[in-house]
Amino acid sequence: MNTKVDELKAILQPILDQHDFFLVDLEFVHEHGDWYLRVYADKKGGISIDDCAVISEEFGEKLDELDPIDPAYYLEVSSPGAERPLKNDESLSNYEGDYVNVSLYQKIDGNKAFEGTLTKVTAEQIALDYKIKNIHKQVEISRDKIAKIRLAIEF
């Protein structure tokens, strides 16, 4: 199935690039007797329902033209949600400067979770600016110590 998903991503990517969108995730799944092709896309500043309609229309037309999927399926295009997980390097880079929640496999400075602004992303580590009792602090976290990282809503 990964080969099919990779093929679909290659078809979708030029459409996303044309509109300055980026792919968060794409899945082709069988649920309750039906097939679903789900596209989760975003853009800096957030994706709108009109943006999702553009992707759906253009990607749908391209899929109809190329016909790369054998079974009948439903195409669903949506935002990945306000507190979406950041699963890959591109996602992390796209959200540099945004507020995130990071869960760790092991404690750093006595904490197993941090919430703050993602200030730097490299292949080896990330950096966060966070607050403890209104005091700004910074932490660098090795990527191999991150269990999960997701966008967070700052209150």
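Structure: see above.
First, a word on what this report is: a plain description of the structure on this page. Bear in mind the structure is a predicted one, so any value in this text is a computation, not a measurement.

## Considering the overall build of the protein
Within the protein one finds 3 helices and 8 strands. For the protein, the C-alpha atoms occupy an extent of roughly 55 × 30 × 30 Å along the three principal directions. In the protein, which comprises 155 residues, the share counted as buried stands at 34%. For the protein, restricting intrachain contacts to residue pairs at least 6 apart in sequence, the fraction spanning at least 24 positions comes to 51%. For the protein, the accessible surface area stands at approximately 9200 Å², while carbon and sulfur atoms represent 46% of it.

## Some points on the packing of aromatic side chains
For any pair of aromatic rings, the description consists of the separation of the ring centres together with the inter-plane angle of the planes. A full pass over the atoms with the stated rule returns 5 aromatic pairs. Centroid distance Tyr-36 to Tyr-74: 5.4 Å. Interplanar angle 25°. Geometry classified as stacked. Remark: Tyr-74 occurs in strand β3 (residues 73-78) and Tyr-36 occurs in strand β2 (residues 34-42); sequence separation between them is 38 residues. Among the residues examined, Tyr-36 registers a relative accessible area of 16% and is labelled buried. For the pair Phe-114 and Tyr-130, a centre-to-centre distance of 5.0 Å together with 75° between the ring planes defines the contact as edge-to-face. With Phe-114 in strand β5 (residues 111-121) and Tyr-130 in strand β6 (residues 125-132), the pair connects residues that are 16 residues apart, well separated along the chain. On the accessibility criterion, Phe-114 (3% relative accessible area) is buried. A network of ring pairs unites the aromatic residues Phe-28, Trp-35 and Tyr-73 as a single cluster.

## Notes on the pattern of salt bridges
Following the criterion strictly, the structure yields 11 salt bridges and no others. The salt bridge involving Asp-25 is made with Lys-87; its shortest N-O contact spans 3.4 Å. Of the two residues, Asp-25 is situated in strand β1 (residues 22-31) and Lys-87 in the loop between β3 and α3 (89-94); the sequence distance between them amounts to 62 residues. Several salt bridges share partner residues, and in doing so they unite Glu-27, Glu-31, Arg-38 and Glu-76 into one network.

## A look at the sheet that holds β3
In sheet architecture, strand pairing relies on hydrogen bonds along the backbone and comes in two forms, parallel and antiparallel. Across the sheet, which stays open at both edges, the 3 strands sit in the order β1-β2-β3 with mixed pairing between neighbours. If you trace the sheet from one side to the other, it starts and ends with β1 and β3, each paired once. Strand-to-strand twist of the sheet, defined as the mean angle between neighbouring strand axes without regard to direction, takes the value 15°. Bridge count for β2 against β3 is 6 bridges, and the pairing is parallel. Bridge pairing in β3 links Trp-35 to Tyr-73.

## Observations concerning the environment of Lys-148
Mapped onto the fold, Lys-148 is located in strand β8 (residues 146-151). Spatially, the C-alpha atom of Lys-148 lies 5.1 Å from that of Ser-103, the residues being 45 residues apart in sequence.

Here is what the cut-offs are and how they apply
Residues numbered from 1 in each chain as written. Predicted model: local features only at pLDDT ≥ 70, side-chain atom pairs only at ≥ 80, totals over all residues. Heavy atoms only, no water. Helix = DSSP H or I, 4+ residues; strand = E, 2+ residues; numbered from the N terminus. Buried < 20%, exposed > 50% of the residue type's maximum accessible area, 1.4 Å probe, protein only. Contact = heavy atoms within 4.5 Å. Areas by Shrake-Rupley, 256 points an atom, 1.4 Å probe, with all protein chains shown as cover. Phe/Tyr/Trp six-rings, centres within 6.5 Å; stacked < 30°, edge-to-face > 60°. Salt bridge = Lys/Arg side-chain N within 4 Å of Asp/Glu carboxyl O. Pairing = 2+ DSSP bridges. Axes fitted to C-alpha atoms, helices over the stretch in contact; angles between N-to-C directions.

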